[in-house]
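# Coordinate inspection notes
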Amino acid sequence: MKALFDQVSAKCSQITTQSYSTSFSLGIKFLSPSIRPAIFAIYGFVRLADEVVDSFQGYDRKGLLAQLKMETYAALESKISLNPIINSFQQTVHQYQIDVELIEAFLDSMEMDLEKQVYTKQLYEKYIFGSAEVVGLMCLKVFCNGDAHEYRTLRHAAMKLGSAFQKVNFLRDIKADHLELGRMYFPNMDFNCFTEEDKALIEQEIKAEFDEALIGIAKLPRCAKKGVYLAYVYYKSLFRKIQGIPAKHIMEKRVRVPDFQKALLMLNTFFVPQVTGKLSANVG
C-alpha cells in the first residue's frame, strides 16, 4: 500500500512545481518521462523551503524552517516522511545518490534569507552556491543516473547554469527583494543609487555564465538535453528583456515573459535540430 502513498507524494511535488513555476514546468515536459518525477521532487522540495522564507510573513518562519530541516533529515534516515513533498524528495535522493552536502548547503542558504543582511562577496558566493548551484547539481545527479565521470565532466556547467538563473531572478525580483523583503544580494551595490554601470557589471557576469553553461548543455544525456535547453532559452529571453530596461527603471515592475512567448519558445526548441546534436549559440 505504500506504493499508493508514494504516487500521491510524487503528484504533490508535480502540482507544487506546476503551480509555482510555468517556466520550469515547460522545461520538465521536454525531459524524458522516466526522470520527470525526480525533477518534480527536487523542485517541489526547494520551492517548499523557499516559500517558508519568502512568503510566510507573520508566521514563525525560523521555526518552520527548522521543522522542515528536522523532517528532511529524519526522512533521509528512515526513508519515509508523512509530508508528501519531503517523501518524494527523499526517494529521489536515495535513488540517484544525491549528496547530503548539497542538501545541507541549500538549507543553509535558506536560513540566510531569514535575516536582513548586506552581502559581502564571500556571503554572496556562498548564497549563490547553496540556493542555486546545488539545485543544478541535484538535477545533474538525476540526468547522469550514476555515471560518476559524466557528472564530474558536467558539474561546472551545471553550477554556472544554476547561478545564471538565480542572478536573472535577482534582477527580475529587485523590487520585491529590496523594497518588500529588505534584501540586497549583489555585493557593493546600492539599489537606491543603481547606475547603468552597476547593471552592466551584473549583466556581464550573467552572460559569461550562460556561455559556459551552454557548452555543458550540449553534452547532456539525451534524456535531459531538450528540457534543460528550453529552460536556458527561456531565461536568456528573460535576461534580454532585463538588459533592455534602463537601470533607473529596473525597480518599477517585475519583468516577465508572456505565456504566448513561452509557447513560441517551446515550439522553437522542439523543432530546432541542434538540440539533438550540437547546440547552437545563436540564442545568445
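Given the structure is predicted, the values throughout are model-derived calculations rather than measurements.

Before going further, it helps to spend a moment on helix H3 (residues 36-55). The terminal C-alpha atoms of H3 lie 26 Å apart, and with 20 residues this matches the ideal 28 Å at 1.5 Å per residue to within 8%. The element H3 is extensively covered by neighbouring structure, given that 15 of its 20 residues are classed as buried.

Opposite charge on two side chains allows them to pair when their charged atoms are near. For the structure shown, the criterion picks out 11 salt bridges. The shortest N-O distance in the salt bridge between Glu-125 and Lys-121 comes to 3.0 Å. You can see Glu-125 and its partner Lys-121 sitting in helix H7 (residues 121-144), 4 residues apart, about one turn around the helix. Owing to a relative accessible area of 43%, Glu-125 belongs among the partly exposed residues under this scheme. The exposure class of Lys-121 is exposed, given its relative accessible area of 54%. The residue Glu-203 makes a salt bridge to Lys-199 at a minimum N-O spacing of 2.5 Å. On the criterion of helical spacing, the pair formed by Glu-203 and Lys-199 is a turn pair, its members being 4 residues apart in helix H10 (residues 196-217).

Turning our eyes to something else, we now look at the environment of Ala-38. The topology assignment puts Ala-38 in helix H3. C-alpha separation for the pair Ala-38 and Ser-88, spaced 50 residues apart in sequence, amounts to 7.9 Å. For Ala-38, the contacting residues outside a window of four places in its chain are Thr-92, Tyr-96 and Val-142.

Now for the state of the cysteines. Tallied over the entire structure, the rule returns 0 disulfides. For the unlinked cysteine Cys-223, the closest cysteine sulfur is that of Cys-144, found at 8.3 Å. Residue classification places Cys-223 among the partly exposed positions, given a relative accessible area of 22%.

To continue, consider the packing of helix H4 (residues 61-78) against helix H6 (residues 100-112). Between H4 and H6, the shortest axis-to-axis distance is 11 Å and the interhelical angle comes to 175°. Regarding the angle of H4 to H6, the classification is roughly antiparallel. In this structure, H4 contributes Leu-65, Lys-69, Thr-72, Tyr-73 and Leu-76 to the contact, and H6 contributes Val-100, Ile-103, Glu-104, Leu-107, Asp-108, Met-110 and Glu-111. Classifying every residue of the contact of H4 with H6 gives 7 nonpolar, 1 polar and 4 charged.

Going through the model one piece at a time under the given rule, you end up with 15 aromatic pairs. Ring geometry for Tyr-124 versus Phe-186: centroids 5.9 Å apart, planes at 50°, classification tilted. On the criterion of sequence distance, the pair formed by Tyr-124 in helix H7 and Phe-186 in the loop between helix H9 (174-180) and H10 is long-range, its members being 62 residues apart. For Tyr-124, a relative accessible area of 6% puts it in the buried group. Judged by relative accessible area, which is 4%, Phe-186 ranks as buried. With centroids separated by 5.2 Å and ring planes inclined at 85°, the aromatic side chains of Tyr-234 and Tyr-235 adopt a geometry described as edge-to-face. Taken as a pair, Tyr-234 and Tyr-235 share a single burial class, namely buried. By the ring-pair criterion, three or more aromatic residues cluster together here, those being Phe-24, Tyr-43, Phe-165, Phe-210, Tyr-229, Tyr-232, Tyr-234, Tyr-235 and Phe-239. Against the face of Tyr-151 rests Lys-141, its NZ or CZ located 4.6 Å from the ring centre.

Ile-42, Phe-106, Met-138, Leu-140, Phe-143 and Phe-210 are the most contacted members of the largest nonpolar core, which totals 82 residues. Listing elements by their share of this core, those giving two or more residues are H3, H4, helix H5 (84-96), H6, H7, helix H8 (148-172), H10 and helix H11 (222-243). It is H7 that contributes the most residues to this core, 12 residues altogether.

About the cut-offs
Residues numbered from 1 in each chain as written. Predicted model: local features only at pLDDT ≥ 70, side-chain atom pairs only at ≥ 80, totals over all residues. Heavy atoms only, no water. Helix = DSSP H or I, 4+ residues; strand = E, 2+ residues; numbered from the N terminus. Expected span 1.5 Å × (residues − 1). Buried < 20%, exposed > 50% of the residue type's maximum accessible area, 1.4 Å probe, protein only. Salt bridge = Lys/Arg side-chain N within 4 Å of Asp/Glu carboxyl O. Contact = heavy atoms within 4.5 Å. Disulfide = S-S within 2.5 Å. Axes fitted to C-alpha atoms, helices over the stretch in contact; angles between N-to-C directions. Parallel < 35°, antiparallel > 145°, perpendicular 65-115°, else oblique. Nonpolar A, V, L, I, M, F, W, Y, C, P; charged D, E, K, R; others polar. Phe/Tyr/Trp six-rings, centres within 6.5 Å; stacked < 30°, edge-to-face > 60°. Lys NZ or Arg CZ within 6 Å of the ring centre and 35° of its normal. Core = buried A, V, L, I, M, F, W, Y, C linked by side-chain atoms within 4.5 Å.

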